[in-house]
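Descriptive structure summary
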Amino acid sequence: MIVRSLHDVEATDHFVDWGNGTSHRLLTDKDGMGFSICHTVVRANTVSLLQYRNHLEACYCIGGEGEVEDMDGNVFPIRRGDMYVLDKHDKHFLRGGRGKDLIIVSIFNPPLTGTERHKLDDPAGSTY
């Protein structure tokens, strides 16, 4: 059985400040489950251009608000109780809310190693 808290992760390199927020990599590849689980905070009033070329991602909002925008310009507001799935390695904009952080639980398949970092200064978007 694996039991791990946000506090436990904060003392490791699996607590990542990814530039526009933070990610607690609660379950990673080394745990052998075939997927990873992250508690992610997207800071208010931030915009990140992201794409996961090597992972599929499902996100469930547990607090705050924000939005995700696809490359066709479709904007989807995200609030507590909403989920979105990047099932085709979709390039997307992820935005924190206006004055409110977006708090999501992210599931990655295949799992993250836990130390990945975004490169938000790349005009083509951050990938891993």
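Bear in mind that the values here come from a model prediction, so they are computed numbers and not experimental data.

Topic: the overall build of the protein chain
Regarding its fold elements, the protein chain presents 1 helix and 10 strands. Listing each helix as α and each strand as β along the protein chain from the N terminus yields α-β-β-β-β-β-β-β-β-β-β. Taken over the C-alpha trace, the protein chain has a radius of gyration of 14 Å; the compact-globule value for 128 residues is 14 Å, and the two agree within 12%. Projected onto its principal axes, the C-alpha coordinates of the protein chain cover approximately 40 × 30 × 25 Å. In the protein chain, which comprises 128 residues, the proportion classed as buried is 42%. In the protein chain, the proportion of contacts linking residues at least 24 apart, taken out of those at least 6 apart, comes to 65%. Carbon together with sulfur atoms contributes 52% to the accessible area of the protein chain, which is approximately 7000 Å² in total. In the protein chain, which carries 14 positive and 19 negative side-chain charges, the distance between the mean positions of the two groups comes to 2 Å.

Digging into the environment of Arg80
Along the polypeptide, Arg80 turns up in the loop between β6 (75-79) and β7 (83-86). For the pair Arg80 and Ala124, spaced 44 residues apart in the sequence, the C-alpha separation amounts to 29 Å. In contact with Arg80, other than residues within four places in its own chain, are Cys61, Ile62, Gly63 and Gly64.

As for the state of the cysteines
One covalent bond between the sulfur atoms of two cysteine residues makes up a disulfide. A complete count under the given rule lists 0 disulfides for this structure. Of the cysteine sulfurs around Cys59, a residue in no disulfide, the closest is that of Cys38, at 9.0 Å. Here Cys61 stays unpaired: no disulfide links it, and the sulfur of Cys59, its closest cysteine neighbor, is 9.7 Å away. The buried category is assigned to Cys61, whose relative accessible area is 1%.

Points about a nonpolar patch on the surface
A surface patch of nonpolar side chains, about 370 Å² in accessible area, is lined by Tyr60, Ile62, Met83 and Val85. Broken down by secondary-structure element, the contributors of at least two residues to the nonpolar patch are β5 (56-70) and β7. For Ile62, the position within the fold is in strand β5. You can call Ile62 partly exposed: its relative accessible area is 36%.

A word on the packing of aromatic side chains
Within this structure, the stated rule accounts for 2 aromatic pairs. A ring pair is formed by Tyr52 and Phe108, whose centres lie 5.1 Å apart and whose planes are at 80 degrees; its orientation type is edge-to-face. In this pair, Tyr52 is assigned in the loop between β4 (47-51) and β5 and Phe108 in strand β9 (residues 102-109), connecting sequence segments 56 residues apart. Comparing Tyr52 with Phe108, the two get one shared label, buried. Seen from their ring centres, Tyr52 and Tyr128 are 5.2 Å apart, and the 65 degrees between their planes marks the pair as edge-to-face. Here Tyr52, found in the loop between β4 and β5, pairs with Tyr128, found in the segment after β10 (126-127); they are 76 residues apart in sequence, far enough to count as distant. Here the two residues Tyr52 and Tyr128 agree in accessibility, since each one is buried.

Reading guide: rules and limits
- Here the residue numbers are simple positions, counted from 1 along each chain's written sequence.
- For a predicted model such as this one, the threshold for reporting local features is a pLDDT of at least 70, and the threshold for listing and counting side-chain atom pairs is 80 or more; totals across whole chains, interfaces and linings nevertheless cover every residue.
- Side-chain descriptors were evaluated using all non-hydrogen atoms of the structure, hydrogens and water having been removed beforehand.
- A run of H or I in DSSP counts as a helix once it spans at least four residues, and a run of E counts as a strand once it spans at least two, with each numbered from the N terminus.
- Throughout, the radius of gyration refers to the C-alpha atoms, and the reference size of a globule is 2.2 Å times the residue count to the power 0.38.
- Any residue under 20% of the maximum accessible area for its type is buried, any over 50% is exposed, and the rest in between are partly exposed; the area is computed with a 1.4 Å probe on protein chains only.
- In what follows, a contact means two residues having at least one pair of non-hydrogen atoms within 4.5 Å.
- Computed with the Shrake-Rupley method and a 1.4 Å probe, the accessible areas treat only the protein chains shown as cover for residues.
- His residues and chain termini do not enter the charge count, which takes Lys and Arg as positive and Asp and Glu as negative.
- Note on charges: their place is set at NZ of Lys, CZ of Arg, CG of Asp or CD of Glu.
- Whenever a pair of cysteine sulfur atoms sits within 2.5 Å, that pair is classed as a disulfide.
- Each patch is built from residues that are more than 30% exposed by relative accessible area and take part in no salt bridge. Like charges join if they lie within 9 Å; nonpolar side chains (Val, Leu, Ile, Met, Phe, Trp, Tyr) join within 5 Å.
- Salt bridges, as used here, are contacts in which a Lys or Arg side-chain nitrogen is within 4 Å of a carboxyl oxygen on Asp or Glu.
- Here the aromatic set is Phe, Tyr and Trp, taking the six-membered ring for Trp, and pairing holds for ring centres within 6.5 Å; pairs whose planes are under 30 degrees apart are stacked, those over 60 apart are edge-to-face, and all others are tilted.

So, to be careful, I would describe these as geometric facts and stop short of saying anything about function.
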